[in-house]
Amino acid sequence: MTQPWAKHFLVARSDFGRAVFMDRNDNLVAMQSSCEGQLLVVATPIGNLQDFSPRAVEVLAGADLVVAEDTRHSRGLLSHHGLNPPLQAMHEHNEEAVLPALIERLKAGDSIAVISDAGTPLISDPGFRLVRAAHQAGIPVRAVPGPSAVTAALSVCGLPTDRFSFEGFLPARESARRAAFEALEHEPRTMVFFETGKRIRASLDTLADVFGERREVAVCRELTKRFETVLRGSAREVLERVAEDPDQQRGEFVLVVAGAEQPEPDRQAAIELARELARELPASKAARIAARITGVPRRELFAAL
């Protein structure tokens, strides 16, 4: 219920579920909580602190609790912006254990914000179990979008971005890394991987071996930071540039790889297949089956029958 004094002030509904009462000089007078809790998934900078959005700062300032993967790291980020909200750690080792208490707080009306060490939460970071549990409990889940290493790399890599596959961090062991690349050898979409400075050279070497030395890649290093670089070229060319420059083996990396080229279908063979099928099947069905097998458009095959 709105307090009697509230009618004398300007009111704005904030992202974090409160009515904010301001006086005529834009001074904060009070906040009144709503009875509905909500979970806010808040993106933070991936390197450049100026990329922190005003909305994200507002949400974090007003949250009853901020859940972070590394509270020490996040405390420094928040302090830089003059924020001092209550913090709680949530990482891959304790997410299941802390879930029940967090859901109870949300049900009680608390506003909880989720952040990661950098970028958009849940992208190769913990949090999806909490988001899923909140949905299952009927609690609103809202996005406060912002920086993401994935989309930042795609935007500057110069490779096709109409369709892409995000594959997360590559395995640390060479055998597992090779198996991961082999499973994606014929993937037609642009692929995005995270990698560390210690392993970027080894990963490029394995990539060139599995995908071929001519596969086009982009190595995006330290995005939005002082020493940001983007190396583009064939897998072999980029590997050589990384190998000869120790600085290109330091920092955080996003590896973007062009998808496999798809061979053009053999149209004459497809037409012959459709004609053979048409000996036993209606023409429309024969064309449909041949199109599914060969990749040649059904209409083109049907017209040839």
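Residues numbered from 1 in each chain as written. Predicted model: local features only at pLDDT ≥ 70, side-chain atom pairs only at ≥ 80, totals over all residues. Heavy atoms only, no water.

Structural notes on the overall build of the protein
Regarding its fold elements, the protein presents eleven helices and 13 strands. Look at the contacts in the protein between residues 6 or more apart in sequence, and 65% of them connect residues 24 or more apart. Entry remark: accessible area of the protein is about 16600 Å², with carbon and sulfur atoms responsible for 49%. (Helix = DSSP H or I, 4+ residues; strand = E, 2+ residues; numbered from the N terminus. Contact = heavy atoms within 4.5 Å. Areas by Shrake-Rupley, 256 points an atom, 1.4 Å probe, with all protein chains shown as cover.)

Some remarks on the pattern of salt bridges
Taken as a whole and assessed by the stated rule, the structure comprises 16 salt bridges. The shortest N-O distance in the salt bridge between R129 and E96 comes to 3.0 Å. Of this pair, R129 sits in helix α4 (residues 128–136) while E96 is found in helix α3 (residues 95–107), placing the two residues 33 residues apart along the sequence. The partly exposed category is assigned to R129, whose relative accessible area is 29%. Between E276 and R279 there is a salt bridge, with the nearest N and O atoms lying 3.3 Å from each other. Its relative accessible area of 63% is what places R279 among the exposed residues. (Salt bridge = Lys/Arg side-chain N within 4 Å of Asp/Glu carboxyl O. Buried < 20%, exposed > 50% of the residue type's maximum accessible area, 1.4 Å probe, protein only.)

Remarks on unusual backbone geometry
A positive phi angle, near 75°, is found at L122, a position not held by glycine. Relative to the assigned elements, L122 resides in the loop between β7 (111–115) and α4. For L122, a relative accessible area of 27% corresponds to the partly exposed category. We note that S124 has phi near 60°; this positive angle belongs to a residue other than glycine.

Regarding the sheet that holds strand β5 (residues 65–68)
As a general point, the strands of a sheet are linked pairwise by backbone hydrogen bonds and lie either parallel or antiparallel. Read across the sheet, five strands follow the order β6-β5-β7-β4-β8 without closing on themselves; strand pairing throughout is parallel. Looking along the sheet, the strands with just one partner apiece sit at the ends: β6 (87–89) and β8 (141–144). When the angles between neighbouring strand axes are averaged without regard to direction, this sheet yields 25°. The sheet contact formed by β5 and β7 spans four bridges and is parallel. By the bridge assignment for β7, L65 is matched with I112. Against the sheet, helix α2 (residues 71–80) engages β5, β6 and β7, with an angle of about 150° to β6. (Pairing = 2+ DSSP bridges. Axes fitted to C-alpha atoms, helices over the stretch in contact; angles between N-to-C directions.)

Regarding α2
Among the residues of α2, those classed as buried are S74, L77 and L78. Angular distribution of buried residues about the axis of α2 spans 95°; they occupy a single face of the element. Counted as exposed and oriented over 90 degrees from the buried face of α2: R72 and H80. Buried residues along α2 sit against α1 (54–62), β5, β6 and β7. N-capping of α2 is provided by D70, with a side-chain oxygen placed 3.1 Å from the backbone N of R72. One or two positions beyond α2, positive phi appears at G82, with a value near 70°. (Arc of directions from axis to C-beta. Polar contact = N/O pair within 3.5 Å; in protein donor to acceptor, adjacent residues only side chain to side chain.)

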